[in-house]
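Take a look at the letters that make up each chain.
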There are 4 protein chains.
Amino acid sequence: MEKLPCDKLHEECGVFGVYDRGEVGDVARLSYYGLYALQHRGQESCGIAVNDDGVINLHKDTGLVNEVFTKEKLDSLTGQMAVGHCRYATTGSKRRSNAQPLLVRHIKGHMALAHNGNLTNAAELREQYEMEGAIFHTTTDTEVIAYTITKERIRQPSIERAVLAAMEKIAGAYSLVIMSPRKLIAARDPMGFRPLCMGRIGESVVFASESCALDAVGATFERDIEPGEVVVVSEDGIQCYTEHCNKAPRSLCVFEFIYFARPDSVVDGASVHMARQKAGQFLARQHPVDADVVIGVPDSGLDAALGYSMESGIPFNLGFLKNKYIGRTFIAPNQAQRENDVRVKLNPISSVVKGKRVVLIDDSIVRGTTSKKIVKLMRKAGATEVHMRLSSPPFLYPCYFGVDIDSSENLIAYNHTVEQIAQIIGVDSLGYLSVDCLDQLADGCKEGFCKACFTGNYPVKPPKKTEKNKFECKLSERREKNGE
Amino acid sequence: MEKLPCDKLHEECGVFGVYDRGEVGDVARLSYYGLYALQHRGQESCGIAVNDDGVINLHKDTGLVNEVFTKEKLDSLTGQMAVGHCRYATTGSKRRSNAQPLLVRHIKGHMALAHNGNLTNAAELREQYEMEGAIFHTTTDTEVIAYTITKERIRQPSIERAVLAAMEKIAGAYSLVIMSPRKLIAARDPMGFRPLCMGRIGESVVFASESCALDAVGATFERDIEPGEVVVVSEDGIQCYTEHCNKAPRSLCVFEFIYFARPDSVVDGASVHMARQKAGQFLARQHPVDADVVIGVPDSGLDAALGYSMESGIPFNLGFLKNKYIGRTFIAPNQAQRENDVRVKLNPISSVVKGKRVVLIDDSIVRGTTSKKIVKLMRKAGATEVHMRLSSPPFLYPCYFGVDIDSSENLIAYNHTVEQIAQIIGVDSLGYLSVDCLDQLADGCKEGFCKACFTGNYPVKPPKKTEKNKFECKLSERREKNGE
Amino acid sequence: MEKLPCDKLHEECGVFGVYDRGEVGDVARLSYYGLYALQHRGQESCGIAVNDDGVINLHKDTGLVNEVFTKEKLDSLTGQMAVGHCRYATTGSKRRSNAQPLLVRHIKGHMALAHNGNLTNAAELREQYEMEGAIFHTTTDTEVIAYTITKERIRQPSIERAVLAAMEKIAGAYSLVIMSPRKLIAARDPMGFRPLCMGRIGESVVFASESCALDAVGATFERDIEPGEVVVVSEDGIQCYTEHCNKAPRSLCVFEFIYFARPDSVVDGASVHMARQKAGQFLARQHPVDADVVIGVPDSGLDAALGYSMESGIPFNLGFLKNKYIGRTFIAPNQAQRENDVRVKLNPISSVVKGKRVVLIDDSIVRGTTSKKIVKLMRKAGATEVHMRLSSPPFLYPCYFGVDIDSSENLIAYNHTVEQIAQIIGVDSLGYLSVDCLDQLADGCKEGFCKACFTGNYPVKPPKKTEKNKFECKLSERREKNGE
Amino acid sequence: MEKLPCDKLHEECGVFGVYDRGEVGDVARLSYYGLYALQHRGQESCGIAVNDDGVINLHKDTGLVNEVFTKEKLDSLTGQMAVGHCRYATTGSKRRSNAQPLLVRHIKGHMALAHNGNLTNAAELREQYEMEGAIFHTTTDTEVIAYTITKERIRQPSIERAVLAAMEKIAGAYSLVIMSPRKLIAARDPMGFRPLCMGRIGESVVFASESCALDAVGATFERDIEPGEVVVVSEDGIQCYTEHCNKAPRSLCVFEFIYFARPDSVVDGASVHMARQKAGQFLARQHPVDADVVIGVPDSGLDAALGYSMESGIPFNLGFLKNKYIGRTFIAPNQAQRENDVRVKLNPISSVVKGKRVVLIDDSIVRGTTSKKIVKLMRKAGATEVHMRLSSPPFLYPCYFGVDIDSSENLIAYNHTVEQIAQIIGVDSLGYLSVDCLDQLADGCKEGFCKACFTGNYPVKPPKKTEKNKFECKLSERREKNGE
């Protein structure tokens, strides 16, 4: 199936886990609702592994949660623990074999892993393991993590000790939920790039990438997993290991607040909705304009638009209708009807903008093609002026920690000034949020964001090879081509 | 597949038609986008019939537009004309055989019909035709209309004359798009219960239930089809027949403005978004309250909430996150997890409502079960007071013109006072829009609404049998049971 | 999906019916097994209609029985009566809407019809009904029969009387199973073109096109339905109406014995296997040859090959392996690999034919393309001589009674002598069964076959229009093209 | 989907490989036809991996070849080499993750493996590798082989040297086709338990489990791969490594001739059809009987029945019709209709057996339940006597080399005498082929069969644990249950 042109950044994953102490009953179904709530973090494939008295069963496939799981399938996944995963995949590695959770058998039994993030030393580790005779079935970092833990497990007295030891080997961004025959383990990298939190349903424990998934399953939010922390749930209760904590500065991806996370989530102590509203308020102060109405591009621009309206006093209104029935299998317009492609998804409400000077709020501009079309629609609907405001700074640098940013040359901000961009997309004025505001977005959020995609200051050393993410693919392609 | 409990009214159909005079090229694909835009009017089944130089091909099935049509299927539907239809069906008649367009062969060739509405004399006509030897393949009114036109066609010199003659026989609500081998015909009942409009792509003509479908396909809105009007497009150009116009008072369903139509549509001259915003403004005047924030229940309550905020001065905010990934095949929570079912779809944003007195705007209350759950969620999220306001009057009477309203005994307003309802759903105060405001909602809209579901004053005589819509089913069941 | 080139004649249908008097329990499942056994009579679409205390439910679709019905679907079809149908469709009318049973609603209730055969006056009747205002949903003869019965039903006191009256109007070949709310009716045309038989499971009654379907469902064969007979099963027991019997000479399609029917069936008193074996014996007498081994082309040539071997004394052997896994969705070889296409389905067993003079028995030659490839395979496998013998006379004339014979110009026998055909397909000698043997094939079979495809002597007047079967299509195409 | 009761032995796999030197063009499509021809060796899952200039793409899933591959899927698999696999799986390990070919990435690139057979030391090797930190994704022997080769590859200069070295580590039955980025390798275990042969299409090379797959793709049979041989195809041509040949006695599974292989295949020099016909001849000599007709149970009993007829002079006939439309998704009769289940698949032809003394030939009896039903059908069809003859000796011992024989207690021959079995299944006499005939079945076949299932003399030491095949499953279950 073709797709409407996508001009947005992508998160790579959502993770979920549950350890039933009697209150849950149906762990697969609970995971199903949890993954629904995390679906925005990854729509290419998903899976749930359940643990029934030590025997692990897994179902995963490409597709959305409601496509991959039927009632019959869910009913067949019985157990007392589960891990779930939803995944966004870059083109080319969309294959089913890369879907997660990853289920592996090793010397001490089974292990299912769900992972969100990107290692910066995956290629090095992979090469090292292969030199020792390892075989790989996937091209994911998750399998590298699985090997690292397995190798430690031989020396270590327990699976949690193996995880802690493995964390000394792996570098980069990772929020992990791991299920062994008897334990459910959550681990977050020492810099805390990706979110991970913990909730309760009575005595039962739930882990999730975002708090909205706890809400969706009726769990009470307990706390965020700390950067570097490992939490183990077993028959013996809950045990926390903090030896990797506070070793490194906090580096939560700031784009979680701007775009990735759901507005109803609370991440590391701060409300996502409030952070976006605040971004809108900063924008109104930094880039004021004389206008009649503030409109957000649905869905991600709405919260910031509200903030802009509050701060500026210019009335907020709903200026677009977003078609909610456009699914994965939507057939894109052919060349002849391409002109109109954005309008199938997003139709301006003429009565709101006709004869008005419009402030249009979006979260970011990647290539600019979609923005150009949206602005055109606004004008066609009768807007006399269009002033675009963006709730993030311009993207300039690649991300090595799990966000699929296009190579720099495709980023419109990389080789154009703000004035040039304004001209290209056809707005009367254009304003980006400044980098120095980012630290003030998330009230109550523990200090420290990764803002490398805006600044180029990477909190950990990026991989040597310049092409992020594609390293080991390239490597093995090379081998294959030159190999035997 | 199970469904989340549905506590909303349902429209029964959306219709679409296109006559290509050279600008369209791919009429099936155009209809596909048109039906996408009308999907909110019917999600149970859909279909597209194309006319390739007089040969009509049809594909229809149960499912959403993007489920029923693949690229291969669309590519196989070539032609110069098309009619499309999407349908909501009451339980029990969800079968594929009832999907539309209806394709019939008669003495003068083929005919494809797409119909939105409900006849009030379908059962009588059906019985009369059966007495003359007719056989029926479906239980739809559409087949009764097809027979009426076919029978007139024997006597009449043309298909359009047959349609005009048939309109003297059929009573009730109907917006029709009919395709014969050489003509595309749009017809609207003399009271104009259901919307129907016309647009252009150059010289090509498009008909659609709502103007949002014209926008989606890049057509320019031309005008609404007048109540009683028949518009015929053929090689000879466009011809309008107005002999049935102005025979009866206009009776557009007012619920099209309140709930059914998409906010970006303009129906009979008035913006749907503006009508809803106005409803919110009236509500603010009729039911003021001292509060901190106005929140709309997504998606239909948002426009009215904005209106309430404007009029009252109480700030508007986004208080819910609606999960956009919950599709038709979503698996409903089982009994144990039922408590939480609404939250999977609709999660409150705690930071917005915590410690606040909330005005909560929704379009209507049917049974009250969902409202009760939503109010509970608001309180759990920290709202100190919840004041519910509804942008329609209380439902009290059944609809015979195409809306699937539950029998009166299931309508909470039928046997409870407003105070009782407030207590049942757990709000601090409750206010309905008054009936006398309805006529003022749609600025610029030509005079005259059907408000029978609120008032019981039916613009045409309802069917004799008390059980609306189910007449002929009952009839044939009786026959079957007692028959041979 | 593409198909391997098909060079065989096609029957158009199989019909099945059951009336449960307590022994059956699951009438849908019984029909499912019955249709499996009749699948060779039609593989394009199938359906089952069940009657649950007067309410008729139907499921039908394109596909084989095991593709169209799932366990869930079968389980949902409960009742005390059922009719089933499987259908072969000529290209172009393969659409789902033409699948059977046909379910119609008329003045006295519901009626489901399953039909095998071809009317010779369908086009005339159709035109007449359309002139009276009838609309048609399909292009099948079955709908014409349904109308004829419905129209008679107005005047007649019962459904069976309506069927008997309708039989005076319709002409040609038909074996029908009809289900009304209270009755199950079997009817066979007065010349008995197509088979139809009746069996028992205790007091319950089963109708089927062939006796093999009775065996498959554990029913005891009772008798064939006589040409012209109508059998009615109801609460009042079984009633037979013979007023149309013995009005016309018996004209059972002789090709039922040669190719269509399953060898384990007994049709009108004669074993199909034995008839084919006998055809082989006649061939051995009429076309003897000095050879080492007799081989049948699977599956239909095996029985005759056995007969040839018995009569000639030349040893029979299994010379081909037929791949049983090639299903409907098999992907045909592309041009480059086309050479080999037959071999994917049919592989010679070299050890059987190497160095041998082979007598190769097949049932018939249509175009000759497949025969040519098979002969080539035989030679490549080492056969020193190939002598082909066919268990039917040459096809020369079109069939109007339900067999899909290509137009004469595509029949190799139409414009070539036997010697020319032998040369074209590359055999050392070629022999057809003579027409005068046909009457002696079926021992014990009641006198009288239709042999029109070999002789041109049609037992009833063929339709005026020369293009069989396609009449009404052509007609309506004409109408559509010239029409409005 | 349920299945009809299966009372047959199962082979576990078919393998296929092709190296295109210009004549093939579409290697995936060629593999597709090859797998069709091998489908009888495994119907649970299948897959094809193609190699496009060093980049390996794979598609595999549960289902038959024509279910797993669509035209689109095949068209997407382009390349110059391919390996294919079809697999039968014992219940419980039917999961998709165990489907083959297995694709792994290792230090020197990619490798795709297709394997037929069963290792006797898989569990030991697996444990050893896990002790060194290995992780496993499947429960198949194939992954153990992949690890063994990968580990050797570190030390060895080439993939073929690694395969040769690995063959010193692995024990048991294996016929392998392996694809590396640049080479296609076929290897057969030193005792030659499973067949493997090689053919040519011009300069292109094809490997297949059976010669019938070479025929199906238009390849010319070249020779069998010798036990212990490794054949490597690359840009440098074809190289054969024979260092493991002639180290051990030949032990081809004799059941390949009796039941598994297709009759049109030639295995290790002998025709399968002829071997079966010969088995029938031996049976006629060892167990003569006075009778009127010889009938084979289709399909596997037909060849032997022909042999029995030839030797005894009793006429052969076709006494059963086997329904060819019963596919994987066939719905089994429910309890009430269970009585009749065999008859849906296999219907006796009454005219052939009525009043006759029948010799009934089948290949083997496993549990006896099906035989009992078939004999009953014969008698019901009118046979006066039924004498059963089996073209194999009684099964008494488990197989460790790839055949899924039930545990001994379920084998009817294990705890019953021939007389007792005859009584249980209801025949007048019963005769098994004697073990000493087995060596004479395959004329021209190189000496030496494995007959261990009949004699208990295993050519290699069976695994220590008594429960064959299930060792590592048990092991890991134990670990999981007792583990962490």
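Residues numbered from 1 in each chain as written. Chains lettered and ligands numbered in written order. Predicted model: local features only at pLDDT ≥ 70, side-chain atom pairs only at ≥ 80, totals over all residues. Heavy atoms only, no water.

J.: If you had to explain the state of the cysteines to someone new, which residues and values would you point to?
T.: Taken as a whole and judged by the stated rule, the model has 0 disulfides over all chains. The thiol sulfur of B:Cys240 is not disulfide-bonded, and the nearest other cysteine sulfur, from B:Cys245, lies at 9.2 Å. (Disulfide = S-S within 2.5 Å.)

J.: A description of the relation of the copies chain D and chain A should follow, citing residues and the corresponding values.
T.: The transform that puts chain D on chain A rotates by 179° and translates by 0.0 Å along the axis, for an RMSD of 0.0 Å. The operation mapping one copy onto its partner corresponds to a two-fold rotation axis. Among all residues of chain D, the minimum C-alpha distance to the rotation axis is found for D:Ala134, at 3.3 Å. Comparing interface residues between copies, 100% of those in chain D also sit at the interface in chain A, which points to an isologous, same-surface contact. (Least-squares fit on C-alpha atoms with pLDDT ≥ 70 in both. Contact = heavy atoms within 4.5 Å.)

J.: Could you give an account of the relation of the copies chain C and chain D, naming the residues involved and the relevant values?
T.: Turning chain C through 180° and shifting it by 0.0 Å along the axis lays it on chain D, with an RMSD of 0.0 Å. When the interface residues of chain C are mapped onto chain D, 100% of them again fall at the interface, so both copies present the same face.

J.: Requested: an account of the sheet that holds strand 4 (residues 81-87) of chain D, with residues and values cited.
T.: Residues and elements named next belong to chain D. Pairing within the open sheet is antiparallel, and its 7 strands lie in the order 3-2-4-1-10-9-11. Edge strands, defined here as strands with exactly one partner in the open sheet, are strand 3 (55-62) and strand 11 (220-224). Pairwise comparison of adjacent strand axes, ignoring direction, gives a mean angle of 15° for this sheet. Where strand 2 (residues 45-52) and strand 3 come together, 8 bridges link them in antiparallel fashion. Across the sheet, Ala49 pairs through a bridge with Leu58, a residue of strand 3. (Pairing = 2+ DSSP bridges. Helix = DSSP H or I, 4+ residues; strand = E, 2+ residues; numbered from the N terminus. Axes fitted to C-alpha atoms, helices over the stretch in contact; angles between N-to-C directions.)

J.: Would you mind going over the sheet that holds strand 10 (residues 204-208) of chain B in detail, with residue names and values included?
T.: All names here are of chain B. Spatially, 7 strands are ordered 3-2-4-1-10-9-11 in an open sheet, and the strand pairing comes out antiparallel. Each end of this open sheet is capped by a strand with a single partner; those strands are strand 3 (55-62) and strand 11 (220-224). The mean angle between the axes of side-by-side strands here comes to 15°, regardless of whether they run parallel or antiparallel. In this sheet, strand 4 (residues 81-87) lies alongside strand 1 (residues 13-19) in antiparallel orientation, the contact comprising 7 bridges. Counterpart to Tyr19 in the pairing with strand 4 is Met81.

J.: How would you sum up the interface of chain C and chain D? Please name residues and give values.
T.: Counting residues at the interface gives 61 residues for chain C, matched by 61 residues for chain D. Between chain C and chain D, roughly 4900 Å² of surface is buried when both sides are summed, and carbon and sulfur atoms account for 57% of that area. At the boundary of chain C with chain D, the tally comes to 4 salt bridges. Between D:Arg343 and C:Asp215 there is a salt bridge, with its nearest N and O atoms 3.7 Å apart. The element best represented in the side of chain C that touches chain D is helix 1 (residues 27-38) of chain C, accounting for 6 residues. Broken down by class, the residue content of the side of chain C that touches chain D amounts to 31 nonpolar, 18 polar and 12 charged. (Buried area = accessible area lost by both parts, 1.4 Å probe. Salt bridge = Lys/Arg side-chain N within 4 Å of Asp/Glu carboxyl O. Nonpolar A, V, L, I, M, F, W, Y, C, P; charged D, E, K, R; others polar.)

J.: Before we move on, could you go through the pairing of strand 4 (residues 81-87) of chain C and cite the residues and values that matter?
T.: Residues and elements named next belong to chain C. Buried residues dominate strand 4, accounting for 7 of its 7 residues. On strand 4, burial covers both faces: Met81, Val83, His85 and Arg87 on one face and Ala82, Gly84 and Cys86 on the other are all buried. In the sheet, strand 2 (residues 45-52) pairs with strand 4 via 7 bridges, with the strands oriented antiparallel. Along strand 4, the bridge assignment pairs Asn51 with Met81. (Buried < 20%, exposed > 50% of the residue type's maximum accessible area, 1.4 Å probe, protein only.)

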